[in-house]
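Architecture and fold: a report
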Amino acid sequence: MEERKDVTDFFVSLAREFLDEWPVANMVCAYAGGSVGRGEADTYSDLDLHIFVEGEDDPSCENRLFKGHMIQLQVQSAPTDEVYENPWAWRYLKEAKIILDPEDRFISWMNDICAYMDSPAGKAKMFAQAKAEVESFHEEAQAALMEGFPYSAYLASWAGWIGALQMSAFFHGHSLSDAQLYQLLQKEGRSDGMDGFFLETYRSNQDVQDALMLLADYRTYLRSINKGIEFALAAENDWLVKRKVQRLQERNQLDMAGFLIFSEAIWLYHSVGLDEWLENHWADLPAKLSLSLQKLGFFQADGQLLAHLCHASAEIIAEIG
């Protein structure tokens, strides 16, 4: 795509063209999320297109190639009171950009939702839900360690700490972007005895390319043995990750590229292995692949490390208030 003064407007127009050619039945509204929703899209961006529909249909996600651009299409029933009941899970509506709202229903509803999220009651509820989520991860980490799964313990505790940073980014920085999250991560340090891992590991573009190839091999293998998980395991996601990594390589942010690849590997694991510990998931993989994945940023935890990460999370949350 050529450079444009306003790439976000380009993607909004692309979304409308897509819906003209591929209309969605019973559509209530459509909005863009991610970088397009935030108004931060660039030439490396893809389009996160969300559709709300009438009815009780199961949600669906798929990658669609349209006019040379990738659209991550997500269709689900129009939400109602659950947004007020669980606003933290719907915080991404704060960064939504309306694409189509045929009956002017969504904009009014979204303004009401965002006003609630900004209200003292809404903020308090979101804070409580986010804090409970962080605490749940740390409890899971303790359970994993007690059962003899130190890698799973590390990953759960890491998720708790990252969750606390996400709270800081949202409540203090008013942003949900991965870039701001990683900036906070750099500012805080990894807080787990592995300070500077991504800086030390990703020193050249070749280091990044090797990790990308490993990630693609992981996705390919999971796709070969899993059916019905087409969205997360689709080969198009390798192209999307590569585009995001290219953006970071262009900016010489190789460490952030490593963080992105690590995050993608975690997403793949969770897409197929939510009911088993990470060690059991790895045991089902080819040995070479399992051993290589550990190099992306998976570490073992002990009781001292878990206590340290739990304390670090609590400090971040206390600063938020």
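Just so you know, these numbers come straight off a predicted model, no measurement behind them.

Considerations on helix H6 (residues 150-171)
Here H6 contains 22 residues, and its C-alpha end-to-end distance of 32 Å stays within 8% of the 32 Å for a straight helix at 1.5 Å per residue. When you tally the buried positions in H6, you get 20 out of 22 residues, the bulk of the element.

A closer look at the environment of Ser290
Mapped onto the fold, Ser290 is located in helix H14 (residues 287-293). Distance from Ser290 to Asp58, taken between C-alpha atoms, is 33 Å for residues 232 residues apart in sequence.

Regarding the pairing of strand E1 (residues 27-33)
Across the seven residues that make up E1, a large majority, six, are buried. Pairing geometry for E1 and strand E5 (residues 97-100), over three bridges, is antiparallel. Within the sheet, the bridge partner assigned to Ala30 lies in E5 and is Leu100.

Observations regarding the sheet that holds strand E2 (residues 47-53)
If you walk across this open sheet you meet the five strands as E3-E4-E2-E1-E5, and the pairing is mixed. Looking at which strands have only one partner, the edges of the open sheet turn out to be strand E3 (60-66) and E5. Direction aside, neighbouring strands of the sheet carry axes that sit 30° apart on average. The sheet strands contacting helix H1 (residues 7-21) are E1, E2, E3, strand E4 (69-77) and E5, and the helix crosses E5 at an angle near 30°. Most of the contacts of helix H4 (residues 106-118) go to E5, to which it runs at about 165°, and overall it touches E1, E2 and E5.

Regarding the environment of Arg64
By the element assignment, Arg64 lies in strand E3. Residues Arg64 and Glu236, spaced 172 residues apart in sequence, show a C-alpha to C-alpha distance of 9.0 Å.

Quick look at H4
Along its 13 residues, H4 runs 18 Å from first to last C-alpha, staying within 8% of the 18 Å computed at 1.5 Å per residue. Here H4 has its buried residues at Phe106, Trp109, Met110, Ile113, Cys114, Tyr116 and Met117. Along H4, the residues classed as buried sweep out an arc of 155° about the axis, all on the same side. Residues of H4 that are buried in the fold lie against E1, E2, helix H3 (82-85), E5 and helix H5 (120-146).

Observations regarding the packing of H4 against H5
Relative to each other, H4 and H5 sit at 75°, their axes nearing to 4 Å. Regarding the angle of H4 to H5, the classification is roughly perpendicular. Of the residues in H5, those in contact with Tyr116, Met117 and Asp118 of H4 are Pro120, Ala121, Gly122, Lys123, Lys125 and Met126. Across the contact of H4 with H5, the residue classes tally to five nonpolar, one polar and three charged.

So, unusual backbone geometry
The phi angle at Asn26 is positive, at roughly 60°, despite the residue not being glycine. Counting through the fold element by element, Asn26 comes out in the loop between H1 and E1. Residues other than glycine seldom take positive phi values, yet Lys67 does so here, at roughly 55°. Relative to the assigned elements, Lys67 resides in the loop between E3 and E4.

Side note on the pattern of salt bridges
The final tally for this structure, using the stated rule, is 11 salt bridges. A single salt-bridge network, built from bridges that share partners, covers Arg38, Glu40 and Glu95.

With respect to the packing of helix H11 (residues 236-250) against helix H12 (residues 254-273)
At a closest axis distance of 8 Å, the pairing of H11 and H12 adopts a crossing angle of 160°. When the interaxial angle is binned, H11 and H12 end up roughly antiparallel. Here H11 runs over H12; the crossing is right-handed. Of the residues in H12, those touching H11 at Asn237, Val241, Lys244, Val245, Leu248 and Gln249 are Leu254, Met256, Ala257, Leu260, Ile261, Glu264 and Trp267. Class assignment for the residues of the contact of H11 with H12 results in nine nonpolar, two polar and two charged.

Considering the nonpolar core
Judged by nonpolar contacts, the single largest core of 83 residues is most densely connected at Trp158, Met167, Leu296 and Phe298. Top contributing element to this core by residue count: H6, with 14 residues. Counting 21 residues, the second largest nonpolar core, distinct from the first, contains Ala41, Leu49, Ile71 and Val75.

Thoughts on the confidence of the model for the chain
Within the chain, residue pLDDT values average 89, and 96% of them lie at 70 or more. Least confident of the elements in the chain is helix H7 (residues 178-188), whose mean pLDDT is 71; most confident is H5, at 97. A low-confidence stretch, residues 1-5 stays under pLDDT 50, and its non-local contacts, those more than four residues away or across chains, total nine contacts.

Observations concerning the packing of aromatic side chains
A complete count under the given rule lists 27 aromatic pairs for this structure. Note on Phe198 and Phe259: the rings are 5.8 Å apart at their centroids and 85° apart in plane angle, and the pair reads as edge-to-face. Of this pair, Phe198 sits in helix H8 (residues 197-201) while Phe259 is found in helix H12, placing the two residues 61 residues apart along the sequence. Look at Phe198 and you get buried, because its relative accessible area is 2%. Site record: aromatic cluster; members linked through ring pairs are Tyr151, Tyr154, Trp158, Trp161, Phe197, Phe198, Phe259, Phe262, Trp282, Phe298 and Phe299. Taking the ring centre of Trp22 as reference, the NZ or CZ of Arg64 above it sits at 5.0 Å.

Rules and cut-offs
- Residues numbered from 1 in each chain as written.
- Predicted model: local features only at pLDDT ≥ 70, side-chain atom pairs only at ≥ 80, totals over all residues.
- Heavy atoms only, no water.
- Helix = DSSP H or I, 4+ residues; strand = E, 2+ residues; numbered from the N terminus.
- Expected span 1.5 Å × (residues − 1).
- Buried < 20%, exposed > 50% of the residue type's maximum accessible area, 1.4 Å probe, protein only.
- Pairing = 2+ DSSP bridges.
- Axes fitted to C-alpha atoms, helices over the stretch in contact; angles between N-to-C directions.
- Contact = heavy atoms within 4.5 Å.
- Arc of directions from axis to C-beta.
- Parallel < 35°, antiparallel > 145°, perpendicular 65-115°, else oblique.
- Nonpolar A, V, L, I, M, F, W, Y, C, P; charged D, E, K, R; others polar.
- Salt bridge = Lys/Arg side-chain N within 4 Å of Asp/Glu carboxyl O.
- Left-handed = near helix turned anticlockwise from the far one by under 90°.
- Core = buried A, V, L, I, M, F, W, Y, C linked by side-chain atoms within 4.5 Å.
- pLDDT = per-residue confidence, 0-100.
- Phe/Tyr/Trp six-rings, centres within 6.5 Å; stacked < 30°, edge-to-face > 60°.
- Lys NZ or Arg CZ within 6 Å of the ring centre and 35° of its normal.

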